[in-house]
Amino acid sequence: DAKTTQPTSMDCAEGRAANLPCNHSTISGNEYVYWYRQIHSQGPQYIIHGLKNNETNEMASLIITEDRKSSTLILPHATLRDTAVYYCIVRPNMRFGAGTRLTVKP
Amino acid sequence: GAVVSQHPSRVICKSGTSVKIECRSLDFQATTMFWYRQFPKQSLMLMATSNEGSKATYEQGVEKDKFLINHASLTLSTLTVTSAHPEDSSFYICSARGRAGGAKAQPQHFGDGTRLSIL
């Protein structure tokens, strides 16, 4: 099963773009990359997912490298409410790593 | 968007009792459901994966006789913690994934979790 590695924590200034990296160097050709976030004491919230093409939705953008060994989640204009733990996981594993604790500061 | 409802949100009970947690997909058919457990300041730990109409697949180290999972319909899965003890106190979270449609895989959607406290 493919595993992911993410930085433990990151800070971002309010209004700036937050770029959260994820390494998934053992990903298989048919495995998607999923991003979720968890705000304290709530269930994880789905953000975005992709296979090999870059993806964008109303919440974020997902940039996947050509070799698919890493990806970056981009929150274009971070707000204080984006402070959360962000998880990058690979299907069909669906196991969560430690994630990245993003703190958006005023 | 897809909604997953989990009930109850919080339960406190005495040691030795059994507790049932329900997970429902409200606006889609969930062919696969997942159950996770999360201890304070830790990540989610996958406990089991269940497909509708078949037995759940448990992760290594998770006792299937302790944590009974039933996924009898495409919209409902239940987790029963049998003979619960204080060490079973945790945050239990379910998620559901719909049938694959089109070219893109379906994401899983999570409930809001159940905080279980065993006295």
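Residues numbered from 1 in each chain as written. Chains lettered and ligands numbered in written order. Predicted model: local features only at pLDDT ≥ 70, side-chain atom pairs only at ≥ 80, totals over all residues. Heavy atoms only, no water.

A. How the structure looks around the interface of chain B and chain A. Taken together, the contact between chain B and chain A spans 21 residues of the former and 20 residues of the latter. Residue Arg-95 of chain A is joined to Glu-59 of chain B by a salt bridge in which the shortest nitrogen-to-oxygen separation is 2.8 Å. Linking chain B with chain A are 8 residue pairs in polar contact (both at pLDDT 80 or more), by the criterion used here. Those elements giving two or more residues to the side of chain B that touches chain A turn out to be strand S4 (30–38), strand S9 (90–98) and strand S10 (108–110) of chain B. (Contact = heavy atoms within 4.5 Å. Salt bridge = Lys/Arg side-chain N within 4 Å of Asp/Glu carboxyl O. Polar contact = N/O pair within 3.5 Å; in protein donor to acceptor, adjacent residues only side chain to side chain. Helix = DSSP H or I, 4+ residues; strand = E, 2+ residues; numbered from the N terminus.)

B. Here's a closer look at the layout of surface pockets. Within this model, the largest pocket holds a volume of roughly 520 Å³. Val-85 and Arg-101 of chain A together with Gln-38, Lys-41 and Gln-42 of chain B are the residues nearest the centre of the largest pocket, which is lined by 21 residues in total. Considering each element in turn, the lining of the largest pocket owes the most residues, 3 residues, to strand S8 (residues 84–90) of chain A. Among the residues forming the lining of the largest pocket, the class breakdown is 8 nonpolar, 10 polar and 3 charged. In this structure, the second largest pocket spans a volume of roughly 280 Å³. Pro-44, Gln-45 and Tyr-46 of chain A together with Ala-2 and Phe-110 of chain B are, among the 16 residues lining the second largest pocket, the residues nearest its centre. Only strand S3 (33–38) and strand S4 (45–50) of chain A together with S10 of chain B provide two or more residues apiece to the lining of the second largest pocket. Broken down by class, the residue content of the lining of the second largest pocket amounts to 7 nonpolar, 7 polar and 2 charged. (1 Å grid on protein atoms, 1.4 Å probe; cavity = no way out; pocket = protein on both sides within 12 Å on 5 of 7 lines; lining within 4 Å. Points joined across faces, edges and corners; volume = space filled by probe spheres on them. Nonpolar A, V, L, I, M, F, W, Y, C, P; charged D, E, K, R; others polar.)

C. The arrangement of the nonpolar core in detail. Trp-35, Phe-67, Leu-79, Tyr-92 and Leu-116 of chain B are the most contacted members of the largest nonpolar core, which has 24 residues in total. Among the nonpolar cores identified, the runner-up in size contains 21 residues, and Cys-22, Ile-64, Tyr-86 and Leu-102 of chain A belong to it. (Core = buried A, V, L, I, M, F, W, Y, C linked by side-chain atoms within 4.5 Å. Buried < 20%, exposed > 50% of the residue type's maximum accessible area, 1.4 Å probe, protein only.)

D. View of unusual backbone geometry. All names here are of chain B. Omega for the peptide link from His-7 to Pro-8 comes to 0°, which places this bond in the cis form. With respect to the helices and strands, Pro-8 occurs in the loop between strand S1 (4–7) and strand S2 (10–13). A positive phi angle is found at Ser-83, which is not glycine, with a value near 45°. Counting through the fold element by element, Ser-83 comes out in the loop between strand S8 (76–81) and S9. Ser-83 gets classed as partly exposed once you look at its relative accessible area, which sits at 34%.

E. Here's a closer look at the environment of Ala-30 of chain B. Residue and element names in this part refer to chain B. Inspection of the secondary structure assignment puts Ala-30 in strand S4. When its relative accessible area of 0% is taken as the criterion, Ala-30 is described as buried. Along the primary structure Ala-30 and Ser-9 are separated by 21 residues, whereas in three dimensions their C-alpha atoms are 20 Å apart. For Ala-30, the residues in contact, after removing those within four places along its chain, are Ser-25, Glu-52, His-71, Leu-74, Ala-96, Arg-97 and Gly-98.

F. Summary view of the environment of Ile-93 of chain B. As for its position among the elements, Ile-93 of chain B is in strand S9. Those residues in contact with Ile-93 of chain B, other than ones at most four positions away along the chain, are Gln-38, Gly-43 and Pro-44 of chain A together with Gln-6, Phe-34, Trp-35, Tyr-36, Gln-38, Leu-44, Phe-110, Gly-111 and Gly-113 of chain B.

G. Molecular detail of the pattern of salt bridges. All names here are of chain B. All chains considered together, the criterion is met by 5 salt bridges over all chains. A salt bridge links Glu-22 to Arg-24; the nearest nitrogen and oxygen atoms lie 3.4 Å apart. The class of Arg-24 is partly exposed, set by a relative accessible area of 34%.

Don't take any of this as a statement about function, it's just geometry.
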